[in-house]
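# Analysis of the macromolecular model
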Amino acid sequence: MILPFDDTYYMKKALQEAAMAFEKGEVPVGAIIVIQDRIIARAHNLTEQLNDVTAHAEMQAITAAANFLGGKYLKDCTLYVTLEPCQMCAGALYWSQISKIVYAAKDVERGCGAMGTTLHPKTKIVGGVLAAEASAMLKRFFSQKRNLN
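Anyway, here's the lowdown on the structure attached to this text. (Residues numbered from 1 in each chain as written. Predicted model: local features only at pLDDT ≥ 70, side-chain atom pairs only at ≥ 80, totals over all residues. Heavy atoms only, no water.)

### Observations regarding the sheet that holds strand β3 (residues 77-83)
We apply this condition: At least two bridges found by DSSP between two strands is the condition for calling them paired. Per the convention used, a helix needs a DSSP run of H or I reaching at least four residues, while a strand needs a run of E reaching at least two, with both numbered from the N terminus. Only the stretch in contact is used when a helix axis is fitted, and all axes are lines through C-alpha atoms; the angle between N-to-C directions ranges over 0 to 180 degrees. Here, two residues are considered to be in contact whenever any of their heavy atoms come within 4.5 Å of each other.
Sheet architecture is open: 5 strands sit in the order β2-β1-β3-β4-β5, paired in mixed fashion. Every other strand in the sheet has two partners, leaving β2 (38-44) and β5 (124-126) as the edge strands with one partner each. In this sheet, neighbouring strand axes are inclined to one another by 15 degrees on average, regardless of whether the strands run parallel or antiparallel. Bridge analysis of strand β1 (residues 30-35) against β3 gives 5 bridges, and the strand direction is antiparallel. Each bridged residue has a counterpart across the sheet, and for Val 34 the counterpart in β3 is Thr 78. Along the sheet, helix α1 (residues 7-23) makes contact with β1, β2, β3 and β4 (100-105), crossing β1 at roughly 145 degrees.

### Regarding the pairing of β2
Here 6 bridges tie β1 to β2, and the two strands are oriented antiparallel to one another. Bridge pairing links Val 34 to Ile 39 in β2. Count of turn residues in the β1/β2 antiparallel hairpin: 2 residues, of which Gln 36 carries a positive phi of about 50 degrees.

### Describing α1
For clarity, the cut-off: Expected helix span is given by 1.5 Å per residue-to-residue step, counting one fewer step than there are residues. Relative accessible area decides the class of each residue, using a 1.4 Å probe on protein chains only: under 20% of the type maximum gives buried, over 50% gives exposed, and in between gives partly exposed.
With 17 residues, α1 ought to run about 24 Å at 1.5 Å a step, and its terminal C-alpha atoms sit 25 Å apart, in line with that. Of all the positions in α1, only Tyr 10, Met 11, Lys 13, Ala 14, Leu 15, Glu 17, Ala 18, Ala 21 and Phe 22 are classed as buried. Of the residues trailing α1, Gly 25 is marked for its positive phi of about 80 degrees.

### Examining the environment of Ala 64
Its place among the elements puts Ala 64 in helix α3 (residues 57-69). Here Ala 64 falls in the partly exposed class, since its relative accessible area comes to 30%. With residues near it in sequence (within four places) discarded, Ala 64 still touches Ile 40 and Ala 41.

Set out below in structure tokens:
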């Protein structure tokens, strides 16, 4: 019998994506989307590389998952993301009708919770999965940025 993977397993995969963003000089946020214990999308922030403020990890992952599924709705899918989605990403997740969002670090200033953004009524949200690891990477990134300037 094959057991399903847990939230920690998938969040580690999202953290790997965040590490790739870090190496590219992007804010280290990574995201994956899973359906039926299968990763169907992997992404990380590309705002600097693409010179596009909308190129957040979640937005990239939503597009990749929709392309994989051949449709715009992500019902029965779970997004794992290393930072609580912002208002823009939460809006896109609302329209995608994603079933579940699992995030690591809370964004107390710009996260969808702090901004009062509404998610789809059927979307479940879980926060704090591997939060310490995600927060440490973000702090290290911004500390290095400050030291370079």
